[in-house]
Amino acid sequence: MSDGSVKSLNGSANKPHERLATHLATGMEAVNVLIRERMASEHAPRIPEVTQHLVEAGGKRLRPMLTLAAAELCGYEGPYHVHLAATVEFIHTATLLHDDVVDESEKRRGRPTANLLWDNKSSVLVGDYLFSRSFQLMVETGNLRVLDILANASATIAEGEVLQLTAAQDLATTEAIYLQVVRGKTAALFSAATEVGGVIAGAPEAQVKALYDYGDALGIAFQIVDDLLDYKGFSGATGKNIGDDFRERKLTLPVIKAVALADAEERAFWSRTIEKGDQRDGDLEHAIDLLEKHGALEAARQDALGYAAKGCAALQAMPEHPLREMLESLAEFVVSRIS
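Fair warning: this is a prediction, and the values are worked out from it, not measured in the lab.

A.B. asks: Explain the overall build of the protein chain to me, using residue names and the numbers behind them.
C.D. replies: Broken down by element type, the protein chain carries 17 helices and two strands. The buried share of the protein chain, reckoned over its 339 residues, is 55%. Put simply, 77% of the contacts in the protein chain that link residues at least 6 apart link residues at least 24 apart. Per element, the accessible surface of the protein chain, about 14100 Å² overall, is 53% carbon and sulfur.

This is the structure:
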């Protein structure tokens, strides 16, 4: 599975995340100032070197924008939504640093990864530093519930990463396990980002729950779309090549669906290519044929559309506001790439 990076939102002239960025420009500038301030280190200059490389690599900062949007949607006027948005971005950046070491990645957002430019030790330790900084920022809000939500999200992310180590190349992996991994790797931080915006604003419980549900559904839809585009997409829209997940032997949702319907010969093919890593010329094309044969791509597409609709439905509990419409458009846009 991918890192859930927002790079794959680039393939359209109609970009809700850009409208969000424009609306939240003042708050995001404050977030960026705080990020630069807190990623500094008096004693270890490598920390800002490594973090600056990743932070300035052109990511869309969607997660911190979700926190600012949720807080404003709930009428918050205090200063701590900026702290929470920076916290969310630090957690995300820390997980990317760790992910690239685990996945032995050499590129992220089209640039060399930190572990390639420096080394694995630097990436892991700087990731740890950013996690520590994120907890300092949380504590400064003085809100214990916010700390609980983000601490739980951090644990869920790590749990999802460890689960994926065993599940990603095991044909016994079910859709339920896949969803558990996705909730860890991608959706946990989306849902925490939106939920803490409501909590810091003192919103009614029904609205806090709605914001959590929206973030959760958006994150799952986002990851399923990313999985689909790997087999049937445009490399310019995803920032990666068609078949990367297959070549990396990742058991994503379309493949899980096809394996569930496979006959003995097809199962042997999936076992050879995914479990054993014995891939040959023409295997990717055959894999795509099998996904088409069993309707796995279309079934996964319907799942993604369902989660996007669920996210939009959750927002109906929120007050009328231009931001509510932007968040609905964002969920619809995520899945428009496969519609």
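A.B. asks: I'd like to hear about the nonpolar core, residue by residue, with values.
C.D. replies: Note that soluble globular proteins tend to have their nonpolar side chains buried in a common cluster. Counting 98 residues, the largest nonpolar core has Leu20, Leu66, Leu150, Tyr214, Ile224 and Trp270 as the members making the most contacts within it. For this core, the element with the highest residue contribution is helix H10 (residues 205-231), accounting for 14 residues.

A.B. asks: Explain helix H7 (residues 120-140) residue by residue, including any values.
C.D. replies: Between its terminal C-alpha atoms H7 stretches 31 Å, which fits the 30 Å expected from 21 residues at 1.5 Å a residue. All of the buried residues along H7 are Ser122, Ser123, Val126, Gly127, Tyr129, Leu130, Phe131, Ser134, Leu137 and Met138. Remark: Gly142 follows H7 within two positions and exhibits a positive phi of approximately 70°.

A.B. asks: Hey, could you go over the side chain of Thr93 for me, with residue numbers and the actual values?
C.D. replies: In this fold, Thr93 is placed in helix H5 (residues 80-102). Engagement of the side chain of Thr93 in a polar contact is seen with the backbone oxygen of Glu89, the distance being 2.8 Å.

A.B. asks: Go over the pattern of salt bridges with me, naming the residues and quoting the values.
C.D. replies: For the coordinates displayed, the defined rule picks out 20 salt bridges. Lys293 is paired through a salt bridge with Glu266; the nearest N and O atoms lie 2.4 Å apart. Taken together, the residues span a long stretch of sequence, with Lys293 in helix H15 (residues 283-293) and Glu266 in helix H14 (residues 264-275) at a distance of 27 residues. For Lys293, a relative accessible area of 54% corresponds to the exposed category. Judged by relative accessible area, which is 6%, Glu266 ranks as buried. The shortest N-O distance in the salt bridge between Arg324 and Glu328 comes to 3.7 Å. With Arg324 and Glu328 both in helix H17 (residues 322-336) and four residues apart, the pair spans about one turn of that helix. Using a relative accessible area of 10% as the deciding quantity, one classes Arg324 as buried. For Glu328, a relative accessible area of 16% gives the class buried. Linked through salt bridges whose partners overlap, the residues forming this network are Glu37, Arg38 and Glu140.

A.B. asks: Requested: an account of the environment of Leu290, with residues and values cited.
C.D. replies: The topology assignment puts Leu290 in helix H15. A residue is classified by how much of its surface remains accessible, and Leu290, at 5% relative accessible area, is buried. In sequence terms Leu290 and Val255 are 35 residues apart; their C-alpha atoms lie 8.9 Å from each other. Apart from residues lying up to four places away in sequence, Leu290 is in contact with Glu266, Phe269 and Trp270.

A.B. asks: Talk me through the packing of aromatic side chains; I want residue IDs and the actual numbers.
C.D. replies: Tallied over the full model, the rule gives three aromatic pairs. Relative to Phe222, the ring of Phe190 has its centre 6.1 Å away and its plane inclined at 35°; by these criteria the two rings are tilted. Here the residue Phe190 occupies a position in helix H9 (residues 175-200), and Phe222 occupies one in helix H10, the gap between them amounting to 32 residues. Three or more aromatic residues joined by ring pairs make a cluster, and in this case those are Phe246, Phe269 and Trp270. Positioned above the aromatic ring of Phe222 is the side chain of Arg337, whose terminal nitrogen or guanidinium carbon lies 5.6 Å from the ring centre.

A.B. asks: Run through the environment of Ile256, naming residues and quoting values.
C.D. replies: Note that Ile256 resides in helix H13 (residues 253-260). Expressed as a C-alpha distance, the spacing of Ile256 and Trp270, which sit 14 residues apart in the sequence, is 10.0 Å. Once residues lying within four places of it in the same chain are set aside, the contact partners of Ile256 are Thr173, Thr174, Glu175, Tyr178 and Leu251.

The rules we used
- Throughout this document, residue positions are counted from 1 along each chain, in the order its sequence is written.
- Where totals are concerned, whole chains, interfaces and linings use all residues; where local detail is concerned, this predicted model gives features only for residues with pLDDT of at least 70, and gives and counts side-chain atom pairs only at 80 or more.
- Hydrogen atoms and water are omitted, and side-chain values are computed over all heavy atoms in the structure.
- Note on conventions: DSSP H or I runs of at least 4 residues are helices, E runs of at least 2 residues are strands, and numbering of each starts at the N terminus.
- Whether a residue is buried, partly exposed or exposed follows from its accessible area with a 1.4 Å probe, protein chains only, as a fraction of its type maximum: under 20%, in between, or over 50%, in that order.
- Any two residues whose heavy atoms approach within 4.5 Å are treated as being in contact.
- All accessibility values rest on the Shrake-Rupley procedure with a 1.4 Å probe; residue burial counts only the protein chains present in the view.
- Residues belong to a common nonpolar core when they are buried Ala, Val, Leu, Ile, Met, Phe, Trp, Tyr or Cys residues joined through side-chain atoms within 4.5 Å.
- Given the number of residues in a helix, its expected span is that number minus one, multiplied by 1.5 Å.
- Under this definition, polar contacts are N or O atom pairs within 3.5 Å; protein pairs additionally need one hydrogen-donor-capable and one acceptor-capable atom, and for neighbouring residues in sequence, both atoms have to be side-chain atoms.
- Between Lys or Arg on one side and Asp or Glu on the other, a salt bridge is scored when a side-chain nitrogen of the former is within 4 Å of a carboxyl oxygen of the latter.
- Any two rings among Phe, Tyr and Trp, with Trp reduced to its six-membered ring, count as a pair given centres within 6.5 Å; such a pair is stacked if its planes are under 30 degrees apart, edge-to-face if over 60, and tilted if neither.
- Our definition puts a charge over a ring when NZ of Lys or CZ of Arg is within 6 Å of the ring centre and also within 35 degrees of the ring normal.

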